[in-house]
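Architecture at a glance
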Amino acid sequence: MSNIKYILGSFGDPDEMMHGIEKLQENNIKIHDVYTPMPIHGIEAKLGVKRSRLDIAAFFFGITGTITMLTGVYLATAVDWPVNIGGKTHFALPDFIPITFELTILFCAFGLVGSYYASTHLFPGRAPRVMDLRATDDRFIIAVDAKENTDHTKIDELLKGAGALEVKHNERKYISYE
Amino acid sequence: MGTHHYNLSEQFEFTGKAKTLSIVGIVLGIGAIAYGFFSGAQERTFANLLLMAYYFACVCMSGAFFLAVQYVAQAGWSASILRVPQAMARVLPIAVVILLVVIGLGLFTHNLYHHWADPELLVENGPKYDKLIAGKSAFLNIPFFMGRQVVFLGIYSFFAVKFGQWSYNEDLQGGLNYYRKSFKNACIFLVIYGFTTPIFAFDTIMSLEAHWFSTMFGWYNFAAMWVSCLAAIAVIIILLRRAGYMSWVNNSHLHNLGQFIFGFSIFWTYVWFAQFLLIYYANMSEETVYFYKRFNGYEFWFYLNLVLNFLTPLLLLMDRDNKRSETILLTVSIVVLCGHWVDYYQMIMPGIFEFGTKSGSGFGIIEIGTALGFVGLFTFAVLSALSKKPLVAKNHPFLQESLNHHL
């Protein structure tokens, strides 16, 4: 039993990488993930990545902001300290629409930044999880789980055949802990 | 990338149900207008004619604006649908003539703009002397008013027709010359359009209540005409697609149109609210009188306006899948188009009549009939203009990008 955890195919060209994905999929080899330095059009569909639920999260963060502000304003202007301003009702809704709008956006933005950190483990002070540093620079990386897919020579051949410049056998998942 | 082959010389045939229904609409409209005049509700009929003529002209000139925006942004996604806004822009001269006739007749028969167009208002110490109107008479006088209308609408029509012609010449001759020409003229047109549409809105609609003014009004009207034009484009494209034309229009094109309609509905609300909030907050009687009229008799329309133009697109078009769904986009577009009728109704009627008075305003045969008439006219004119050219500008430099558009 080898200690290899992940096999990384490192490509110099996005089209060759897409070709590599096709090759692996044709041979029923499950791809763990793909890392690229830039967005690749149509790659989500090819890899079968599920649609992000970030928009749903955004809606709920936003609505939380709306409710928070309206409640706060109501408590402040109508319950705790009612002041007569220009003869208007204490809870004069139109006056508070702009600030409600602002808080909706603020909650939405902060919530999304938080969600992003939570899902990518990018908390301050924590080493980022990177499988291959050159995926942040000029290489397109296909990562295959070596424990699930045991025929390593075949994976190597497929990746090389598709045009991989380099195939790495890594004994640990992330290099960044080193 | 898909290697689909579309029939790029496909041409729309204007026959059958669409033609019959639009002619029926026109006939109903003429009937309703005749009924309006003969039943003695002249002023109300004129107000409705102004509403629909203004709406018609605004949608068509925003078609030219859409073309200009696409050229200036060098947008690729829209290259294959440009013939629809081109057809709308092509119809602008007709809409302009109708609008000018309505304004001119309304002015000279004292049915429209009598708030400021009466010369006795300017006679100092006279019985009808109005200091505010007299102060505005350097701007609001009949020759200058009609002159502005003719010049503005003339310039818009000129560019609107030209964009279509250049695109058609591009079809015949190819090359980048006509694209460059359109780009350059689109830049010029946008500058002119941006500075003149607020004044156009001040003149045509805001001067009905000449004592009141709002600097937001021009942008508020611009937002309304732009979003209603986008909704009209979406409706035409979806219905053409359902009739078997424009097979290259995919969900991503609809998605873009949906984003446009969603975004500009929010923009419309933003401008509408910016105008409302300042007046509400400052609470000065010479400004609040505008909303006082709209809260007495017109409350239903006032709130309906927000439901149709803000809540409906906000809630129904927020989701990505909904923007890509033909049925939902069509429904929302039709709601928005009806919503902006209510919006213009809100702008025009309360300034002229109290709600429900005899021969005054209301919602009845005249309103529905006039609206149907102009919808029929719009459909008839736009679809006949559309049927004269192929449905796609086959030599547009970004056509391939548009045919392969994918979000």
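Residues numbered from 1 in each chain as written. Chains lettered and ligands numbered in written order. Predicted model: local features only at pLDDT ≥ 70, side-chain atom pairs only at ≥ 80, totals over all residues.

A word on the overall build of chain B
So the rule is basically this: Helix and strand definitions follow DSSP, with helices as H or I runs of at least four residues and strands as E runs of at least two, each counted in order from the N terminus. By the criterion used throughout, residues are in contact when their C-beta atoms, derived from the backbone, lie within 7 Å.
Looking only at helices and strands, chain B has 15 helices and zero strands in total. When its C-alpha atoms are laid out on the principal axes, chain B stretches across 75 × 45 × 40 Å. Within chain B, residue pairs in contact and separated by at least 24 positions form 82% of the contacts whose partners lie at least 6 positions apart.

Some remarks on the confidence of the model for chain B
Put simply, the test is: Residue-level confidence of the predictor, termed pLDDT, takes values from 0 up to 100.
Taken over all residues, the pLDDT of chain B has a mean of 92, while the share at 70 or more is 97%. Scoring of the predicted complex yields 0.89 for pTM and 0.80 for ipTM.

Examining helix α5 (residues 152–162) of chain A
Residue and element names in this part refer to chain A. The following threshold applies: Working definition of burial: number of other C-beta atoms within 10 Å of the residue's own, with buried at 20 or more, exposed at 12 or fewer, and partly exposed in between, all C-beta atoms being placed from the backbone. The directions considered for the arc run from the helix axis to the C-beta atoms.
By the burial criterion, the buried members of α5 are Ile155, Leu158, Leu159 and Ala162. Relative to the axis of α5, the buried residues are bounded by an arc of 95° and lie together on one face. Turned more than 90 degrees away from the buried face of α5, the exposed residues are Thr153 and Gly161. Of the surrounding secondary structure, the elements contacted by the buried residues of α5 are β1 (6–11), α1 (14–26), β3 (140–145) and β4 (166–170). Following α5 by one or two positions, Gly163 adopts a phi angle in the positive range, close to 115°.

Quick look at the environment of A:Leu122
All names here are of chain A. Relative to the elements of secondary structure, Leu122 occurs in the loop between α4 (93–120) and β3. Through-space distance from the C-alpha of Leu122 to that of Asp80 is 41 Å; in sequence the pair is 42 residues apart. When neighbours within four sequence positions are excluded, Leu122 is seen to be in contact with Tyr117 and Pro128.

Description of helix α6 (residues 142–173) of chain B
All names here are of chain B. Where we set the bar: To estimate the expected span of a helix, count its residues, drop one, and scale the result by 1.5 Å.
Given a rise of 1.5 Å per residue, 32 residues ought to cover 46 Å, and the 46 Å separating the end C-alpha atoms of α6 matches this to within 8%. Within the sequence span of α6, burial applies to Phe152, Leu153, Tyr156, Ser157, Phe159, Ala160, Phe163, Gly164, Trp166, Ser167 and Glu170. Looking at the buried side of α6, the elements it contacts are α2 (42–72), α3 (83–108) and α7 (177–204). Remark: Gly174 follows α6 within two positions and exhibits a positive phi of approximately 70°.

What to know about unusual backbone geometry
One non-glycine residue, A:His121, adopts positive backbone phi at about 55°. Relative to the assigned elements, A:His121 resides in the loop between α4 and β3. The phi dihedral of B:Asn125 falls on the positive side, at around 65°, and the residue is not glycine.

Comments concerning the pairing of β1(A)
All names here are of chain A. Quick note on the threshold: Here, a strand pair is defined by DSSP locating no fewer than two bridges between the strands.
Extensive coverage of β1 is indicated by the burial of six of its six residues. Of the two faces of β1, the one carrying Tyr6, Leu8 and Ser10 and the one carrying Ile7, Gly9 and Phe11 are both buried. Summarising the sheet, β1 and β3 pair through six bridges and their orientation is antiparallel. Bridge pairing in β3 places Leu8 opposite Ala143. As judged from the five bridges shared by β1 and β4, these two strands associate in the antiparallel manner. By the bridge assignment, Leu8 is partnered in β4 with Lys168.

What about the sheet that holds β1(A)?
Residues and elements named next belong to chain A. We apply this condition: Every axis corresponds to a line fitted to the C-alpha atoms, with the helix fit spanning only the stretch in contact, and the corresponding angles, defined between N-to-C directions, vary from 0 to 180 degrees.
Sheet architecture is open: four strands sit in the order β2-β3-β1-β4, paired in antiparallel fashion. Of all strands in the sheet, those with a lone pairing partner are β2 (31–35) and β4, marking the two edges. Averaged over all adjacent pairs, the angle separating strand axes in this sheet is 20°, with direction ignored. Pairing of β2 with β3 involves four bridges; the strand directions are antiparallel. In the strand pairing of β3, Tyr35 is matched with Ile141. Of the strands in this sheet, β1, β2 and β3 are in contact with α1, which crosses β3 at around 20°.

Some words on the environment of A:Phe59
As for its placement among the helices and strands, A:Phe59 is situated in helix α3 (residues 54–80). Between the alpha carbons of A:Phe59 and A:Thr104 there is a distance of 9.4 Å; along the sequence they are 45 residues apart.

Topic: the packing of helix α11 (residues 299–317) of chain B against helix α13 (residues 326–352) of chain B
All names here are of chain B. Applied cut-off: Here roughly perpendicular refers to angles of 65 to 115 degrees, roughly parallel to angles under 35, roughly antiparallel to angles over 145, and oblique to all remaining angles. We call a crossing left-handed when the near helix sits turned anticlockwise from the far one by less than a right angle, and right-handed when that turn is clockwise. Put simply, Ala, Val, Leu, Ile, Met, Phe, Trp, Tyr, Cys and Pro go in the nonpolar bin, Asp, Glu, Lys and Arg in the charged bin, and everything else, Gly too, in the polar bin.
Here α11 crosses α13 at 155°, and the two axes come no closer than 9 Å. The pairing of α11 with α13 is recorded here as roughly antiparallel in orientation. The way α11 lies across α13 gives a crossing that is left-handed. Residues Trp301, Phe302, Leu304, Asn305, Leu308, Asn309, Thr312, Pro313, Leu316 and Leu317 of α11 form the contact with α13, whose participating residues are Ile328, Val332, Val335, Val336, Cys338, Gly339, His340, Val342, Asp343, Tyr345 and Gln346. Looking at the contact of α11 with α13 residue by residue, the classes come out as 14 nonpolar, six polar and one charged.

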